[in-house]
Amino acid sequence: GAKNILEKGLFLNRKGEFINHYPPLYSYSASLISYVTSLSIQHSFWVLNATIAGVSCFFASAIAYRQTKKMGLSYLFGLFVLTSSYSLIYFWNLTEGLFSMILWFQLFIWSIWNDKNSKGLTILLGVTSALLLLTRFAGVPFFLINLLFVWFRTKKQNWLNSLYYI
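Each chain has its residues counted from 1, following the order in which its sequence is written. Where local features are concerned, this predicted model is filtered to residues with pLDDT of at least 70; where side-chain atom pairs are given and counted, the filter is 80 or more; whole-chain, interface and lining totals use all residues. Processing note: side-chain calculations cover all non-hydrogen atoms of the structure and skip hydrogens and water entirely.

Q: Describe the confidence of the model for the chain, and please don't skip the residues or the numbers.
A: Residue-level confidence of the predictor, termed pLDDT, takes values from 0 up to 100. Overall, the predicted model of the chain reaches an average pLDDT of 80, with 76% of residues at or above 70. Comment: elements are numbered from the N terminus, with helices defined as DSSP H or I runs of at least four residues and strands as E runs of at least two. The lowest-confidence element of the chain is helix α1 (residues 2–8), averaging 61 in pLDDT; the highest-confidence one is helix α3 (residues 41–68), averaging 90.

What follows is the structure in structure tokens.
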């Protein structure tokens, strides 16, 4: 898919047929890296996956720090995320790593949103939910659960905040 995006500008399989059963964000991300850096598609996936692993580690550590206010514990949590068997997803050329990174980012935004419920953060939660959906179809339940959470967490402006989210 990523190679055809780069060469033909379309999300196509090897036969030249349009791919409609896989969300396209992972392939588009790798093809963008390849376009910008002139790397091969395979090397672009390696760069993308390494970046995803590092950013996931950062956001996991940031979440741990926001919850505990202990820097050492947050480093250990980030190290755990990076070295656990869970981190194997970052070495495959599959969408799980990108989905995981966006999910870590969304959890970080939620940790801030719980302290201060702002319109900008609500919009950012909606954007990250859309990115989850563009990465994997498993993002559909996250979109709905997040929408319900925004609805029930904001007592006065339920409809308005839900519209910001959407």
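Back to the text.
Q: Would you mind going over the pattern of salt bridges in detail, with residue names and values included?
A: A pair is scored as a salt bridge if a Lys or Arg side-chain nitrogen falls within 4 Å of a carboxyl oxygen belonging to Asp or Glu. Taken as a whole and judged by the stated rule, the model has two salt bridges. Its salt-bridge partner being R66, residue D115 comes within 2.4 Å of it at the nearest N-O pair. With D115 in helix α5 (residues 96–115) and R66 in helix α3, this residue pair connects regions lying 49 residues apart in the sequence. Think of it in three bands: with a 1.4 Å probe and only protein chains considered, a residue is buried below 20% of the maximum accessible area for its type, exposed above 50%, and partly exposed in between. We classify R66 as partly exposed; its relative accessible area is 25%. In this structure, R136 and E96 form a salt bridge, with 3.5 Å as the shortest nitrogen-oxygen distance.

Q: Describe unusual backbone geometry, naming the residues involved and giving the relevant values.
A: Even without glycine at this site, S38 takes up a positive phi of about 60°. Take S38: it is sitting in the loop between α2 (25–37) and α3. Within the chain, K69 stands out as a residue other than glycine whose phi angle is a positive 60°. By relative accessible area, K69 is classed as exposed at 54%.

Q: Account for the packing of α5 against helix α6 (residues 119–135), with residues named and values stated.
A: Axes here refer to lines fitted to C-alpha atoms; in helices the fit is confined to the stretch in contact. Angles between the N-to-C directions go from 0 to 180 degrees. The contact between α5 and α6 brings their axes to 10 Å, and the two run at 165°. Considering the angle they form, α5 stands roughly antiparallel to α6. The two elements α5 and α6 cross, and the hand of that crossing is left-handed. Residues L98, F99, I102, L103, F105, Q106, I109, W110, I112 and W113 of α5 form the contact with α6, whose participating residues are L121, T122, L124, L125, T128, S129, L131, L132 and T135. For classification purposes, angles smaller than 35 degrees are called roughly parallel, those larger than 145 roughly antiparallel, those between 65 and 115 roughly perpendicular, and all remaining angles oblique. In this scheme, a crossing is called left-handed if the near helix is turned counterclockwise away from the far one by less than a right angle; it is called right-handed if the turn is clockwise. Contacts between residues were defined by any pair of non-hydrogen atoms, one from each residue, lying within 4.5 Å.

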